[in-house]
Amino acid sequence: MKSTRGERPETREPGVGSAVESPEPALSGRSARLVSHPVFGEGEVLDARWRGTELLVKFTSGLKLWLPTRRVRLVAKFDDDLLKFGTSRFRSIDRIQACRMIEAFRLGIVPHQDVEAFTFGRDREMGVIDAALLQLGRGQGEAYLVEGDYGTGKTHLLEYIHHRALKAGMVTSLCQFDPHEVSPHRPKRVYREIVHNLRYIQGGREYGFRDLLRQAGELDLSDHVFLGPVLRKLSRLDPGRTENEVFWQWIEGESTKEYATERQSRHRVRGGQRIPALYDFSTAADFYCNILSGIGWIARQLGLKGLVLLIDEAETVTHLWDVIYLTKSINFLEGLVRTAQNDPEVRHISQRMIHNQVRPVPYIYRDPSMLLVFATTPNPYDYGYIRIANRVKQKLELAPLADRALVDLFATLMMTYQRAYPGFDISEFEQKRLFSAAVQSGNEGVRSFIKFCVEGLDVARTRAGGLARRGMVDD
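All values derive from a computational prediction rather than experimental measurement.

What counts as what
- Residues numbered from 1 in each chain as written.
- Predicted model: local features only at pLDDT ≥ 70, side-chain atom pairs only at ≥ 80, totals over all residues.
- Heavy atoms only, no water.
- Helix = DSSP H or I, 4+ residues; strand = E, 2+ residues; numbered from the N terminus.
- Buried < 20%, exposed > 50% of the residue type's maximum accessible area, 1.4 Å probe, protein only.
- Contact = heavy atoms within 4.5 Å.
- Areas by Shrake-Rupley, 256 points an atom, 1.4 Å probe, with all protein chains shown as cover.
- 1 Å grid on protein atoms, 1.4 Å probe; cavity = no way out; pocket = protein on both sides within 12 Å on 5 of 7 lines; lining within 4 Å.
- Points joined across faces, edges and corners; volume = space filled by probe spheres on them.
- Core = buried A, V, L, I, M, F, W, Y, C linked by side-chain atoms within 4.5 Å.
- Salt bridge = Lys/Arg side-chain N within 4 Å of Asp/Glu carboxyl O.
- Expected span 1.5 Å × (residues − 1).
- Arc of directions from axis to C-beta.
- Phe/Tyr/Trp six-rings, centres within 6.5 Å; stacked < 30°, edge-to-face > 60°.
- Lys NZ or Arg CZ within 6 Å of the ring centre and 35° of its normal.
- Axes fitted to C-alpha atoms, helices over the stretch in contact; angles between N-to-C directions.
- Parallel < 35°, antiparallel > 145°, perpendicular 65-115°, else oblique.
- Left-handed = near helix turned anticlockwise from the far one by under 90°.
- Nonpolar A, V, L, I, M, F, W, Y, C, P; charged D, E, K, R; others polar.
- Patch = residues over 30% accessible without salt bridge, like charges linked within 9 Å, V, L, I, M, F, W, Y side chains within 5 Å.

1. Here we look at the overall build of the protein chain
The helix and strand inventory of the protein chain stands at 15 helices and 14 strands. The proportion of buried residues among the 475 residues of the protein chain is 53%. A fraction of 67% describes how many contacts in the protein chain between residues 6 or more apart in sequence connect residues 24 or more apart. About 22,200 Å² of surface is accessible on the protein chain, with carbon and sulfur atoms providing 49% of the total.

The structure is reproduced here in structure tokens:
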């Protein structure tokens, strides 16, 4: 493959191999060839194709992949001088990685690809999660509840599970409830969020929801109320028609049904009338659980190891004051839990559960192979929380990190910072003072602890350069 170092890469049509057009201007220049990917880390762009919509990237691990341009982030701020410091002096990370990590830490974020390296004091929880993923790989799903007060690292643990599940070859989606946009009493919005965030890795390449359905074309889902008609329509799509994008947005949960099926619409999806609508009402929990379990079944049939759904801010269910919305929210969450648990009662239409009144279906389709993880702040006096907590058998209770874990975290942070800024030094005495101050002010969780430490090191560095007065670390 032709290298782009020092010159503009060629753009090639797939399967043709001839240069037809220059890549996007943003890819030119020394610094613009470096990119960051949420799973594979940092890499250098070697080539581009399809009008710059896909890039060939060589990652620092040695992996070389074609990826959609929108899935990578250009690391434009790093220049040639900075690159010189990415030497063998650092065995595990180079200076580019260290700078990118420190930049994220300043915002109180742990980068996705570094989540394993920056997980401290959670050995027991990681063991439980790894065992759950192993069980899912054998076809046995389950539901887990991760409980912890604000700042104990629930979101970080979900990121860890997300990372591990992708590496293990599972279809994974991480999303967050929101009382306004993604509330559990609106199952269609939850489905849309799950579908948009759905990812999996196969053959060293990242894929999404559309890829999964394209690969499922050879499977027999004729008995699935939604996926059966969708796959039949998908097999007949004309690649050159504009209706394709309308069709995809429709089955991803966007509100395109009206103009997708209206006979007078120039965007009409021919044959779309035979595809069931994605119901927008709150009783459609059975319909969406049925689809998600179907996706889990597809994953297994394609050689993947099941479906992992990670839902943050599950306590949103306790924020619904309307008793009707609350009832339907609880029903949807219970439906998801029982689907993951492969509950025999919801393999058929159960009168104990709420069903949509248009086309009632069982909550479970065939063998679901689904691991469901809710992260929530405990609220033992709330009815909605009690209902969900009683339904989930497996629980992980997160306590604040122990002092030993904080020391390990601080030491790793120091190492990363010094790799990002070679030559920077801070005395052991000042390190201890900074650590002590971070612990005393770290009552808002691990992220605020990391942010405090990085800001303290920034002050120490600028002070050493004469840009800040002494004593600011203590302020």
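2. A few points about empty space enclosed by the protein
Considering all chains together, one arrives at 2 cavities of 30 Å³ or more under this definition. Of the volumes computed, that of the largest cavity is approximately 70 Å³. Every residue lining the largest cavity is listed: Leu-145, Ala-314, Glu-315, Val-317, Leu-333, Phe-374, Thr-376, Tyr-385, Ile-388 and Ala-389. If you list the elements that add at least two residues to the lining of the largest cavity, you get β13 (370-376) and α12 (383-391).

3. Examining the environment of Leu-278
Relative to the helices and strands, Leu-278 is located in the loop between α9 (257-261) and α10 (285-301). A sequence separation of 87 residues divides Leu-278 from Tyr-191, and the C-alpha atoms of the two residues are 9.6 Å apart. If we skip the residues at most four places from it in the chain, Leu-278 touches Lys-188, Tyr-191, Phe-226, Trp-250, Ile-251, Gly-253, Phe-287, Tyr-288 and Ile-291.

4. Topic: the nonpolar core
Within the largest apolar cluster, 72 residues are counted, with the highest numbers of intra-cluster contacts made by Leu-213, Phe-226 and Phe-247. If you tally residues by element for this core, the top one is α10, at 10 residues. Phe-226 has contacts with Tyr-191, Ile-251, Ile-275, Pro-276, Leu-278, Phe-287 and Ile-291, leaving out every residue within four places of it along the chain. Grouped together as the second largest cluster of nonpolar side chains are 30 residues, Met-101, Phe-105, Val-110 and Tyr-417 included.

5. Things to note about the pattern of salt bridges
Charged atoms that come close allow side chains of opposite charge to pair. In total, this model carries 21 salt bridges according to the counting rule given. Its salt-bridge partner being Glu-345, residue Arg-338 comes within 2.7 Å of it at the nearest N-O pair. Classification of Arg-338 as buried rests on a relative accessible area of 5%. By relative accessible area, Glu-345 is classed as partly exposed at 29%. We note a salt bridge from Glu-345 to Arg-352, for which the minimum N-O separation is 3.6 Å. Given a relative accessible area of 71%, Arg-352 falls into the exposed group. One network of salt bridges, in which partners are shared, links Glu-103, Arg-106, Asp-458 and Arg-461.

6. Section: helix α14 (residues 428-441)
Under the 1.5 Å per step criterion, the end-to-end length of α14 is 20 Å for 14 residues, consistent within 8% with the ideal 20 Å. Among all positions in α14, only Glu-430, Leu-434, Phe-435 and Ala-438 are buried. Down the axis, α14 shows its buried residues gathered within 135° of arc, on one side only. Exposed side chains of α14 directed beyond 90 degrees from the buried face belong to Glu-428, Phe-429, Lys-432 and Gln-440. Against α13 (403-420) and α15 (446-464) lie the buried residues of α14.

7. Things to note about the packing of aromatic side chains
Tallied over the entire structure, the rule returns 12 aromatic pairs. Geometrically, the ring pair formed by Tyr-279 and Phe-281 is stacked, given 5.2 Å between the ring centres and 15° between the ring planes. Here the guanidinium or amino end of Arg-49 rests over the ring plane of Trp-66, the centre of that ring lying 4.1 Å away. When the ring centre of Tyr-421 is taken as reference, the NZ or CZ atom of Arg-461 above it lies at 3.9 Å.

8. Concerning the packing of α13 against α14
Packing of α13 against α14 leaves a shortest axis separation of 11 Å and a crossing angle of 125°. The angle between the axes of α13 and α14 places the two elements in the oblique class. Crossing of α13 against α14: the hand is right-handed. Contacts from Leu-406, Val-407, Phe-410 and Met-414 in α13 reach Gln-431, Leu-434, Phe-435 and Val-439 in α14.

9. Some thoughts on the layout of surface pockets
Empty space within the second largest pocket amounts to approximately 450 Å³. Along the walls of the second largest pocket sit 19 residues, with Arg-70, Gly-208, Phe-209, Arg-210 and Asp-211 positioned nearest its centre. Elements that contribute at least two residues to the lining of the second largest pocket include exactly α5 (187-196), β11 (205-207) and α6 (209-215). Broken down by element, the residue count for the lining of the second largest pocket peaks at 4 residues, all from α6. Of the residues that constitute the lining of the second largest pocket, the class distribution is 6 nonpolar, 3 polar and 10 charged.

10. Brief notes about helix α4 (residues 154-167)
With 14 residues, α4 should reach 20 Å at 1.5 Å per residue; the first-to-last C-alpha distance of 20 Å fits that figure. Along α4, 10 of the 14 residues are buried, which leaves the element largely enclosed by surrounding structure.

11. Brief notes about a nonpolar patch on the surface
The grouping of Val-323, Ile-324 and Tyr-325 at the surface amounts to a nonpolar patch, some 300 Å² of accessible area in total. On the basis of relative accessible area, Tyr-325 is assigned to the partly exposed category, the value being 38%.

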